[in-house]
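The residues making up each chain are set out below.
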Protein chains: 2
Amino acid sequence: MKKINGGVCAPKGYKAGGICCGIKASSKKRDLALIYSEKLAVARAMYTTNKVRAASIIVTEEHLAGGELRALIVNSGNANACTGEAGIAAARRMCDLAADLFAISPRQVAVASTGVIGVPLNMAVIEGGMEALGNSLRADEAGHAAALEAIMTTDTRKKEASIEIEIDGIPVRLGAMIKGAGMIHPNMATMLGFITTDAAIEGDALEASLRRAVGRSFNRVTVDGDTSTNDVVIIMANGEAANKSISLGSPSFQIFAQALEDLCIDLAKALARDGEGATKLVTVTVSGAQDEKTAETLAMSVASSSLVKAACFGADANWGRILCAMGYSGAGFEPAQVDVAFAGSGEEVLVCRGGASIPFSEPDAKRILQSEELEIRIQAGAGAGAATVWGCDLTYDYVKINGDYRS
Amino acid sequence: MKKINGGVCAPKGYKAGGICCGIKASSKKRDLALIYSEKLAVARAMYTTNKVRAASIIVTEEHLAGGELRALIVNSGNANACTGEAGIAAARRMCDLAADLFAISPRQVAVASTGVIGVPLNMAVIEGGMEALGNSLRADEAGHAAALEAIMTTDTRKKEASIEIEIDGIPVRLGAMIKGAGMIHPNMATMLGFITTDAAIEGDALEASLRRAVGRSFNRVTVDGDTSTNDVVIIMANGEAANKSISLGSPSFQIFAQALEDLCIDLAKALARDGEGATKLVTVTVSGAQDEKTAETLAMSVASSSLVKAACFGADANWGRILCAMGYSGAGFEPAQVDVAFAGSGEEVLVCRGGASIPFSEPDAKRILQSEELEIRIQAGAGAGAATVWGCDLTYDYVKINGDYRS
């Protein structure tokens, strides 16, 4: 597996573009994106578990019942959620408009939205922008960079990646772009994720690899515990690499699934690092739990605790809050068997052994906790279950960003 | 029911006191409290649901197996949690020391602790302070005021109340003091609550009334979603009012239980208002849900959402976050049936009807959201289930207080 350039345009046969059509009325930022596959692609998606679902989620799920896509249209600046029947009609219209650009069926188009909830989407500016959006499509850097900008809201960093692997001796590429900075919690963050690949792959194999990858990456990120109405991760596979089609359970499936998981974990870490107001990436690893699910529950509870997050911000080795968060997680473990260490900048300091206090150097702990990439390592017992999750610290800026997001 | 003065000393036969013994080494603040009943009292308690339990919780539960108490000893500045066997021994020793003061059995003494987790309790300063603690006992204002000060940590307000009711024509009093400001979430907050009454009441009736009252008050408060290792609410009933003993299900039970619930709700609201860094009390009411439990789950999810709390701080009428938080609560409701209004300072503004946007005056909403007592009113459907919960806004100061609590 090697990293390559090109983001979602790295795999063969994809183009992307993005424009500023005016949804973000107060800024000149791009707000409308398109990703296009020259050939019909097998496609799968995972959606928010929130009971309140944006119009884009409802329409995309409907279209993806067919399991195939040619294009994705995405707007930022407005979530088109809690907008009633007019919102559904707007989401459908976005698919129609994109379909018209390429003379394809609207059912081969998926739609995603992100931004403020409960405000009607301004379809006039989207309609007015469609020609420019079509003209912005490129297979090169200009294309995916513009699309990536157009899906961002409070993101401060661009989050994209692309890799190349070999399947039966044939090079296959995967590319992805994601957005998300706040309202980030399983399942999936206010997060949009678009993944392209030129692999030839069966639908069920694509589905299984996506579920596994998302389960171990985006679903293990927490910024603020709020699961959005708009989360979606969509993958398209157009077969342009001309490899022998990957089937579920085959050796090539393992290679593809692992590559997809690695790609998603890279981006999940970028998501946590870019958490609203965050100054540091906080990785929480739990091992020795009775099983992987238990380890994940314990780790997520620690990474989600406001008190732990505030202590990370303040570089305060307040490990009691870590045990406390494990204790209310609902997961089974024996407090008297827990060890806790902080790690960062190549150093580690053990602060709790057997669930109780041990002497440690406060200056060492402080220095480690000041790392921009901080790890909380928890040994929860003698079991075989392990999991890693990603979060960030809770800062003044989180409050500032979210205290007045709409204005 | 009328409000009276006296806090936990308002009921007949109780004394309280508090001193600075030196647990809070860096300050001159009181840190050791005692509440004493001259007669043996029927007693019950509710404890944290955290799997990691402080030594004080373990020892108090053991002692309360007998169902009777004479005294409570409480320290602040150190939670005596995650302190292993030495912590258990220290908690037992605190009960022994209090028992020695009155020549009673240690099993008639309950112990509670609050403060930093994972640091060994300094028993030497507690032993050294016991004589002064005994001498500080008073039945008057000086007594309960000193005890109340001694149980506080980051609390900025004193939270106590006392009331008088009539049972069969005989006046009966209830008094309470609580502490808690952060790490506050069901079940029960990092919250210590001590309730006294001179009612004569059967043990099972006392238990039932405590469960009902805590369930509708302290268990409906959220500050930061962290459930502490040390939470406990203890009630003592010493029978000094000489009423006919209250039995479960009797008319006098209803009067007593309602009074206890009202007392606890008053203090629960004070707890939320004093949330760490909070600038406002946020009351969330849900009605029209299918049942009370569903209404409570929906309301707690809204009151716990970091995004909703930050919007309350910023006086931003971002009601989409409210629907979003309802949506990920796991509770059943129909998004298209939800109405949301903000209320405060005697005004109300409807911002969402039938799950969708309606026009409203932003200046009106802003003004209402700036109220120090803000209410989010949610109509979740046509059911009969209703619940009210209390929370607060998320502010810069929450982050500041918790970024460096230990130092």
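The model shown is predicted, which means the values in this text are computed figures rather than measured ones.

Participant: I keep staring at the confidence of the model for chain A and nothing clicks. Help me out?
Facilitator: All names here are of chain A. Averaged over chain A, the pLDDT score is 91; the fraction of residues at 70 or greater is 94%. When pLDDT is averaged over each helix and strand of chain A, the minimum, 68, is found for helix H11 (residues 396-403) and the maximum, 98, for strand E2 (residues 14-19). The low-confidence segment residues 184-189 (pLDDT under 50) makes 38 contacts with residues lying over four places distant or belonging to another chain.

Participant: Explain the pairing of strand E6 (residues 159-167) of chain B here, please?
Facilitator: The two faces of the sheet receive side chains in turn, since in a regular strand these alternate between them. Residues and elements named next belong to chain B. Counting buried residues in E6 gives 7 out of 9 residues, a clear majority hidden from the surface. Sheet topology places strand E1 (residues 2-3) next to E6; 2 bridges connect them, and they run antiparallel. Bridge pairing in E6 places Lys3 opposite Ile163. Connecting E6 to the antiparallel partner strand E7 (residues 170-179) that follows it, the hairpin turn spans 2 residues, and Asp168 within it adopts a positive phi of roughly 55 degrees.

Participant: In this structure, what is going on with the sheet that holds strand E12 (residues 347-353) of chain A? I would like to understand it.
Facilitator: Each strand in a sheet pairs with another by means of backbone hydrogen bonds, the pair being arranged parallel or else antiparallel. All names here are of chain A. Strand order in this open sheet of 6 strands is E13-E12-E11-E14-E10-E15, and the pairing throughout is mixed. The sheet is open, and its two borders are formed by strand E13 (356-357) and strand E15 (385-392), each paired with just one other strand. Alignment of strand E11 (residues 339-344) against E12, held across 5 bridges, turns out to be antiparallel. Bridge pairing links Val340 to Cys352 in E12. On top of the sheet, helix H6 (residues 251-273) reaches strand E10 (281-289), strand E14 (373-379) and E15; it is set at about 40 degrees to E15, its chief contact. Of the strands in this sheet, E10, E14 and E15 touch helix H7 (residues 292-304), which is tilted by about 20 degrees from E15.

Participant: Quick question: what am I supposed to make of the sheet that holds strand E14 (residues 373-379) of chain B here?
Facilitator: All names here are of chain B. In space, the 6 strands of this open sheet follow the order E13-E12-E11-E14-E10-E15, with mixed pairing throughout. The outermost strands of the open sheet, each flanked by one partner alone, are strand E13 (356-357) and strand E15 (385-392). Two elements, strand E11 (residues 339-344) and E14, share 6 bridges in a ladder whose sense is antiparallel. Its bridge partner being in E14, Phe342 is matched across the sheet by Ile376.

Participant: Hey, could you run me through the relation of the copies chain A and chain B in this one?
Facilitator: Both copies of the chain are tied together by a single rotation about an axis and a shift running along it. For the pair chain A and chain B, the superposition axis carries a translation of 0.0 Å, the fit reaches an RMSD of 0.0 Å, and the rotation angle comes to 180 degrees. Such values leave the two copies arranged in the relation of a two-fold axis. Identified as the residue of chain A closest to the rotation axis by C-alpha distance is Tyr396 of chain A, at 2.5 Å. A high fraction, 100%, of the interface residues of chain A reappear at the interface in chain B, so the copies pair face to face through one surface.

Rules behind the numbers
Residue numbers run consecutively from 1 along every chain, following the written order of its sequence. The naming scheme follows written order: chains are lettered A onward, ligands numbered 1 onward. It should be noted that, the model being predicted, local features are given only for residues of pLDDT at least 70 and side-chain atom pairs only at 80 or more, the latter also being counted only at that level, while totals for whole chains, interfaces and linings use all residues. Heavy atoms from the whole structure form the basis of all side-chain values; hydrogens and water molecules are not counted. Residue-level confidence of the predictor, termed pLDDT, takes values from 0 up to 100. Put simply, DSSP H or I for four residues or longer makes a helix, DSSP E for two residues or longer makes a strand, and each gets a number counted from the N terminus. When checking whether two residues touch, look at their non-hydrogen atoms; a contact exists if any pair is within 4.5 Å. Exposure categories follow from relative accessible area, calculated using a 1.4 Å probe and restricted to protein chains: below 20% of the type maximum is buried, above 50% is exposed, and the middle band is partly exposed. Whether two strands pair depends on DSSP finding at least two bridges between them. Fitted lines through C-alpha atoms serve as axes, helices being fitted only where they are in contact, and the angles separating the N-to-C directions of these axes extend from 0 to 180 degrees. Here the copies were fitted onto each other by least squares, based on C-alpha atoms from residues at pLDDT of at least 70 in both.

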